[in-house]
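Observations on chain architecture
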Amino acid sequence: MYPFVRMFWQFWRHRNDAPLPITGTHESRHVVMPWDLDFWNELNNGRTLTLFDLGRMPLSKRIGVIGALRKQGWGMAVAGVSVRYRRRVQGFARLSMRSRAICWDDRYVYTEQGMFRSDGECTSHALVRLAITDRKRGGVVNPARLMEVLGQDPASPPMPDWIADWVRAEAERPWPPMADASSATDTLAA
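Report on the accompanying structure. None of these values were measured; they are calculated from a predicted model.

Before going further, it helps to examine the nonpolar core. With 29 residues, the main nonpolar core has Met-115, Leu-146 and Leu-150 as its most contacted residues. Beyond its immediate chain neighbours, meaning those up to four positions away, Met-115 contacts Leu-43, Thr-48, Leu-51, Phe-52, Leu-95, Ser-96, Met-97, Glu-121, Cys-122, Thr-123 and Ser-124. Grouped together as the second largest cluster of nonpolar side chains are 8 residues, Cys-103, Tyr-108, Leu-127 and Ile-163 included.

And the structure:
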């Protein structure tokens, strides 16, 4: 189940935080609960993505995106993610999370998020591709339009090479996935 109570807590906890610039960094604190764990008493990889939501949504509020989405009747959806898991995280660990938007292209906004132990060591890092969606017209809103609504420069900051490389790799990735899986299975069976 989605952690709605924890999400409301994050919004309440950061309700008086100052607004951030569009590429500002939001920092939040989290505790790994027993229901976040897998069979090995470690933070479940899927739950890690859910916890990243708990940092990304308050970031979106602080940079003005949530207000703009509501005003325009738009939504926001994760359109891709790449996660590096580097350190084990066990139950009741206290983590800080840093979340920020980095850049955008003509379809997506790219954000990065990291979870850190109290000693500053990064346990995981995510590159999240977000689409702004238009429910009325259908489809994806160009992020430059979102920036205009926010009163920001629609031109993106330069896209770092590591993000550009990921974007290129995603563009080359076959879709639909595993389209040739049945032929591979047939070959193995023969």
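This brings us to the pairing of strand 1 (residues 25-31). Residues of strand 1 alternate between two faces, with His-26, Ser-28 and His-30 buried on one and Thr-25, Glu-27, Arg-29 and Val-31 left unburied on the opposite face. As defined by bridge partners, strand 1 adjoins strand 3 (residues 94-104) across 7 bridges and the pair is classed as antiparallel. Note that in strand 3 the partner of Glu-27 across the bridge is Arg-98.

Following the criterion strictly, the structure yields 0 disulfides and no others. Unpaired in this structure, Cys-103 has its nearest cysteine sulfur neighbour in Cys-122, at a distance of 18 Å. The class of Cys-103 is buried, set by a relative accessible area of 0%.

Moving on: the environment of Asp-106. Within the secondary structure, Asp-106 sits in the loop between strand 3 and strand 4 (109-116). Residues Asp-106 and Val-141 lie 35 residues apart in sequence; the distance between their C-alpha atoms is 8.5 Å. Discounting residues that sit within four places of it in the chain, Asp-106 has contacts with Asn-142 and Pro-143.

What follows is about helix 5 (residues 161-172). Helix length check: helix 5, at 12 residues, gives a terminal C-alpha distance of 17 Å against a target of 16 Å (1.5 Å per residue), a fit within 8%. Each element contacted by the buried residues of helix 5 is listed here: strand 2 (74-85), strand 3, strand 4 and strand 5 (122-134).

Now for the packing of helix 1 (residues 4-13) against helix 2 (residues 45-62). Helix-helix packing is described using two parameters, namely the angle between the two axes and the distance between the axes. Interaxial distance between helix 1 and helix 2 falls to 9 Å at its minimum, and their mutual angle equals 30°. Relative to helix 2, the element helix 1 is oriented roughly parallel. Classified by chirality, the crossing of helix 2 by helix 1 is right-handed. Residues Arg-6, Met-7, Gln-10 and Phe-11 of helix 1 form the contact with helix 2, whose own contacting residues are Arg-47, Leu-51, Asp-53, Leu-54, Met-57, Pro-58 and Lys-61. Among the residues forming the contact of helix 1 with helix 2, the class breakdown is 6 nonpolar, 1 polar and 4 charged.

All right, on to the pattern of salt bridges then. Counted according to the given criterion, the structure contains 15 salt bridges. For Arg-98, the salt bridge goes to Glu-27, with nearest N and O atoms at 3.9 Å. Here the residue Arg-98 occupies a position in strand 3, and Glu-27 occupies one in strand 1, the gap between them amounting to 71 residues. A residue is classified by how much of its surface remains accessible, and Arg-98, at 35% relative accessible area, is partly exposed. Close ionic contact of Asp-36 with Arg-47 constitutes a salt bridge, the shortest N to O distance being 2.7 Å. Note that Asp-36 is positioned in the loop between strand 1 and helix 2 and Arg-47 in helix 2, a separation of 11 residues in sequence. The exposure class assigned to Asp-36 is buried, which follows from its relative accessible area of 0%.

The terminal C-alpha atoms of helix 2 lie 27 Å apart, and with 18 residues this matches the ideal 26 Å at 1.5 Å per residue to within 8%. Of all the 18 residues making up helix 2, 13 are buried; the element is thus mostly covered by neighbouring parts of the structure. Remark: Gly-64 follows helix 2 within two positions and exhibits a positive phi of approximately 95°.

Calculation rules
Residues numbered from 1 in each chain as written. Predicted model: local features only at pLDDT ≥ 70, side-chain atom pairs only at ≥ 80, totals over all residues. Heavy atoms only, no water. Core = buried A, V, L, I, M, F, W, Y, C linked by side-chain atoms within 4.5 Å. Buried < 20%, exposed > 50% of the residue type's maximum accessible area, 1.4 Å probe, protein only. Contact = heavy atoms within 4.5 Å. Helix = DSSP H or I, 4+ residues; strand = E, 2+ residues; numbered from the N terminus. Pairing = 2+ DSSP bridges. Disulfide = S-S within 2.5 Å. Expected span 1.5 Å × (residues − 1). Axes fitted to C-alpha atoms, helices over the stretch in contact; angles between N-to-C directions. Parallel < 35°, antiparallel > 145°, perpendicular 65-115°, else oblique. Left-handed = near helix turned anticlockwise from the far one by under 90°. Nonpolar A, V, L, I, M, F, W, Y, C, P; charged D, E, K, R; others polar. Salt bridge = Lys/Arg side-chain N within 4 Å of Asp/Glu carboxyl O.

Fair warning: the whole summary comes from geometry, so function is off the table for now.
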